[in-house]
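Take a look at the letters that make up each chain.
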Amino acid sequence: MNAIELMHVAKGMVAKGKGILAADESTGTIKKRFDGIKLESTEEHRRTYREMLFTAPAAAESVSGVILYDETLRQKTKDGTAFPQYLMKQGIIPGIKVDTGAKPLAGFPGETITEGLDGLRERLIEYRSLGALFAKWRAVIDIGEGIPSAFAVEANAHALARYAALCQENGIVPIVEPEVLMDGAHSIERCEDVTNHVLSTVFRQLFAHRVLLEGMVLKPNMVVSGKKATNRAGPEVVAEATLRTLRRHVPPAVPGIAFLSGGQSPTEATLHLGLMNRIGQPLPWALTFSYGRALQDTALKAWGGVAANFGAGQKEFGKRAKLNGLATLGRYTAEMESQAA
Ligand code: 13P
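Just so it is clear, the model here is predicted, and its values are computed rather than measured. (Residues numbered from 1 in each chain as written. Predicted model: local features only at pLDDT ≥ 70, side-chain atom pairs only at ≥ 80, totals over all residues. Heavy atoms only, no water.)

## Section: empty space enclosed by the protein
- The full count for this structure, using the stated rule, is four cavities of 30 Å³ or more.
- Reported here for the largest cavity is a volume of approximately 60 Å³.
- What lines the largest cavity is Glu179, Val180, Met182, Asn221, Met222, Val224, Leu260, Ser261, Gly262 and Gln264.
- Its residues placed into classes, the lining of the largest cavity shows five nonpolar, four polar and one charged. (1 Å grid on protein atoms, 1.4 Å probe; cavity = no way out; pocket = protein on both sides within 12 Å on 5 of 7 lines; lining within 4 Å. Points joined across faces, edges and corners; volume = space filled by probe spheres on them. Nonpolar A, V, L, I, M, F, W, Y, C, P; charged D, E, K, R; others polar.)

In structure tokens, the structure reads:
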């Protein structure tokens, strides 16, 4: 894939009215999700659950792409079509999570570095041959007493940029995901400070690594108060702080920004996205979603691992996807929660 093709795929991932489904939970993470509905995490249960999401009626109207996990990329629908090929036929772009997780950063207690660079070129070549057109790498920055350190931010930004450059070399659009966690009791001001520092470091490293900004998608956290903060900032304050921070650091050459939900409730995540798209116009980039939990939680519960509830799970997923699609157009209102089918 050349630069033109990378740009074309990146644009498709952030197409108007659509966003990305993050269904790339590792085997360990999906087990935790299934524990919540008391379902054993077998390969077949994982396959069925992903099939439920991917084959939901009208999903393609609001879903531009799906991030898959290694196992899922190799699985098939019950009719025998490989998931990436099935998605492509619906007009949904398949992607793949390629990092191997955040591990403790030696010498920096409480901080992590994301692993997965060794052998990445070879893995990308294989993933591309299996149909993945984009990839994802998540760096994790925690806020706490004395952290994040400048060193941990730099090390994670460096790894993100090395990953992004390798992706583009191999014809794959990188989703660059530096996640500042919302765990903890910190204020929204502290989240804004840290997010400013992180984004400025990430873009400096992307430039240094000669990453084509037009051929990537940024997946950041929103600027929010910590989950355990007593006086959490309201939606308008979140929308304004997030827009201010992104405008300071994300060059207009980047085609789109697709937020992670990071532990926000499904309705909160939709409300914030909708507000930003309403009050932020004109925006230099597309502003959309790449949600995991905020798109899946209600669908997972509605399904509950019961075959008879397959359609009910699809309906819930379809509802959240549609409402988030409307949020990208600035057309979402809270009243739609009770109206949407
Ligand atoms: P959440 O939206 O659940 O944070 O997941 C998105 C994601 O892909 C995290 O890496």
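## Focus on the layout of surface pockets
- Counted as a void, the largest pocket has a volume near 630 Å³.
- What lines the largest pocket is a set of 25 residues, among which Thr29, Arg33, Lys136, Arg138 and Arg293 lie closest to the centre.
- Broken down by secondary-structure element, the contributors of at least two residues to the lining of the largest pocket are helix H2 (27–35), strand E6 (134–141), strand E7 (173–180) and strand E10 (286–291).
- Of the residues in the lining of the largest pocket, the class split is five nonpolar, eight polar and 12 charged.
- Here the second largest pocket defines a volume of roughly 220 Å³.
- The wall of the second largest pocket is formed by 14 residues, among which Lys16, Asn277, Ala286, Leu287 and Thr328 lie closest to the centre.
- When residues in the lining of the second largest pocket are grouped by element, the largest group, three residues, is from E10.
- Tallied by class, residues from the lining of the second largest pocket come to seven nonpolar, five polar and two charged. (Helix = DSSP H or I, 4+ residues; strand = E, 2+ residues; numbered from the N terminus.)

## Observations regarding the site of the ligand
- Surveying the vicinity of the ligand reveals 13 residues, the closest of which are Lys136, Lys219, Ser261, Gly262 and Arg293.
- In this structure, Glu177 approaches the ligand through a side-chain N or O atom, which is 3.0 Å from an oxygen atom.
- In this structure, Gly262 approaches the ligand through a main-chain N or O atom, which is 2.7 Å from an oxygen atom.
- Summarising the interface, the protein chains cover 92% of the accessible area of the ligand, which totals 300 Å² for the free molecule.
- Of all the cavities here, the one that holds the ligand is the largest pocket.
- Across the shell around the ligand, the residue classes tally to three nonpolar, four polar and six charged. (Near = heavy atom within 4 Å. Polar contact = N/O pair within 3.5 Å; in protein donor to acceptor, adjacent residues only side chain to side chain. Areas by Shrake-Rupley, 256 points an atom, 1.4 Å probe, with all protein chains shown as cover. Sits in = over half its atoms within 2 Å of the grid points.)

## Here's the deal with unusual backbone geometry
- Each neighbour pair has its own omega, and for Ile147 with Pro148 the value is 10°, a cis peptide bond.
- In this structure, Pro148 sits in the loop between E6 and helix H8 (150–169).
- A cis geometry characterises the amide bond from Gln281 onward to Pro282, with omega recorded as -5°.
- Along the chain, Pro282 falls in the loop between helix H11 (266–279) and E10.
- Within the chain, Lys38 stands out as a residue other than glycine whose phi angle is a positive 55°.
- Note on Lys38: relative accessible area 77%, which makes it exposed.
- We note that Ala58 has phi near 65°; this positive angle belongs to a residue other than glycine. (Buried < 20%, exposed > 50% of the residue type's maximum accessible area, 1.4 Å probe, protein only.)

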